[in-house]
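Here are the chains, one letter per residue:
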Amino acid sequence: APVASRSKKLTASTDLRKLCKAVRAARGLVMVPTQNSLRVLLDGDLQAGLTEPMAQGFTMIEGIDDEVLLMSSLMKPKKITLVGSDGKPYGFLCKREDSGDMRKDARLMEFAAVVNRSLARDPQAGKRQLLLRTYAVLPLTEDCGIIEWMTNLNSLRGIVSDIHRRNRVNTTTAQIKEAFEKKKSSNLEFYEQWLLPRFPPVLHEFFLAKFVDPTAWLDARLIFTRSVAVWSITGYVVGLGDRHGENIMIDQTSGACAHVDFACLFEKGLTLKVPEVVPFRLTPNLTDAMGVTGYEGAFRTAAEITMRILRNSREALMSVLETFLHDPLVEWGRQVVPGAASTDSATAMAGTTHNAYAIRTRRAVELKLVGVLAGAVPLSVEGQVHRLILDATSHLNLSNMYIWWMAWL
């Protein structure tokens, strides 16, 4: 559903007086913190004719729009709109993480930037325009920060739910909950015989409705398929979980897939009460939108190209992740070491434990980048991607996911 229908309107001049005062004081002195303005240009960019390491002609903050949207999600994030010196509006989400760390999002964006550079240098990836859509993340404290607002996006769940409503699919979440709690069959039988018949794949209808011209439709479908592949492989490498329907977005003007909310990194999904047993989200609706070949063809090819590039760029990618060894995330620091004799000894033991966890995490990523799955012998790029696709599309695995991960979407 559109954001406006799931939010409450506030007034900046009344409800955010301190922010308005700070914006007035910083008028013309602070740049608008978008992804483009924060990007540092490296050798490849300089060789392309750009001579300065930072972008020139910064857009400065001139004011703030009086309308603020208060989102309906648990932590009540606020969407503000800054007015730039170029007269254009720039949206940002002011967010607080109750149990996460926004530095995770920032570091994932750094990792994605390195991935994009590696993709840009490869002829096969360049020809297919493979890249990850990124955005600016500015952590202000351990649990608060500002996120650049990406326009023209709607969530996978929102799009599919709208189509289901139009098609008069009337099964409610309450009915799903009741049926799941009372089921006498296995999870697999419930998934195949109860859920899938009631929620047939419909995402292809979104592309037919949004892209009426046949050429535009084909381009959007290809962009979607390839962007899903790049995000799937990159997410697998860093152990990205919690890929439910609200965290996967689709650009309604190009068809590109984008991901948000990176709190569940480094196989944290395996430690949940209901462990996440799929390497990435490749559910029936996603494959439905890829056309008659499904994940064969464009998806598999893009996934293999991405995996090959990531494996060849192993040293560069690991250098980005090295920061986790020297600056453990605050989330790890909150763990309690049982049986500690004193605060000082608890802190010392916790530091050792957290560093050990970071080293294990680093090792897990390294193994993925050499094709090792579950302690087996290293696989070729094609073999590794094939195994991941089988695991991601397995009805048995999907049926054992947390019910509100919504594996039928």
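Residues numbered from 1 in each chain as written. Predicted model: local features only at pLDDT ≥ 70, side-chain atom pairs only at ≥ 80, totals over all residues. Heavy atoms only, no water.

1. Re the packing of aromatic side chains
Inference 1: The full count for this structure, using the stated rule, is seven aromatic pairs.
Inference 2: Plain terms: the ring middles of F190 and W194 are 5.3 Å apart, the flat faces sit at 15° to each other, and that makes the pair stacked. One end of the pair is F190 and the other is W194, both in helix α9 (residues 187-198) and four residues apart, which spans about a single turn. As far as burial versus exposure is concerned, F190 and W194 are alike and both buried.
Inference 3: Clustering of aromatic rings is evident, with ring pairs tying together F206, F207, F211 and F224.
Inference 4: The aromatic ring of Y236 is capped on one face by K368, whose charged end is 4.8 Å from the ring centroid. (Phe/Tyr/Trp six-rings, centres within 6.5 Å; stacked < 30°, edge-to-face > 60°. Helix = DSSP H or I, 4+ residues; strand = E, 2+ residues; numbered from the N terminus. Buried < 20%, exposed > 50% of the residue type's maximum accessible area, 1.4 Å probe, protein only. Lys NZ or Arg CZ within 6 Å of the ring centre and 35° of its normal.)

2. A few points about the environment of E178
Inference 1: With respect to the secondary-structure elements, E178 resides in helix α8 (residues 173-182).
Inference 2: In this structure E178 comes out as partly exposed when scored by relative accessible area, which is 41%.
Inference 3: Among the polar contacts made by the side chain of E178, one reaches the side chain of K182 at a distance of 3.0 Å. (Polar contact = N/O pair within 3.5 Å; in protein donor to acceptor, adjacent residues only side chain to side chain.)

3. Concerning the packing of helix α5 (residues 102-121) against helix α11 (residues 214-237)
Inference 1: At their nearest, the axes of α5 and α11 sit 12 Å apart, and the two run at 125° to each other. Overall, the two elements α5 and α11 adopt an arrangement that is oblique. Handedness of the α5/α11 crossing: right-handed. On α11, the residues touching L108, M109, F111, V115 and L119 of α5 are V230, W231, T234 and V237.
Inference 2: Looking at the contact of α5 with α11 residue by residue, the class counts come to eight nonpolar, one polar and no charged. (Axes fitted to C-alpha atoms, helices over the stretch in contact; angles between N-to-C directions. Parallel < 35°, antiparallel > 145°, perpendicular 65-115°, else oblique. Left-handed = near helix turned anticlockwise from the far one by under 90°. Contact = heavy atoms within 4.5 Å. Nonpolar A, V, L, I, M, F, W, Y, C, P; charged D, E, K, R; others polar.)

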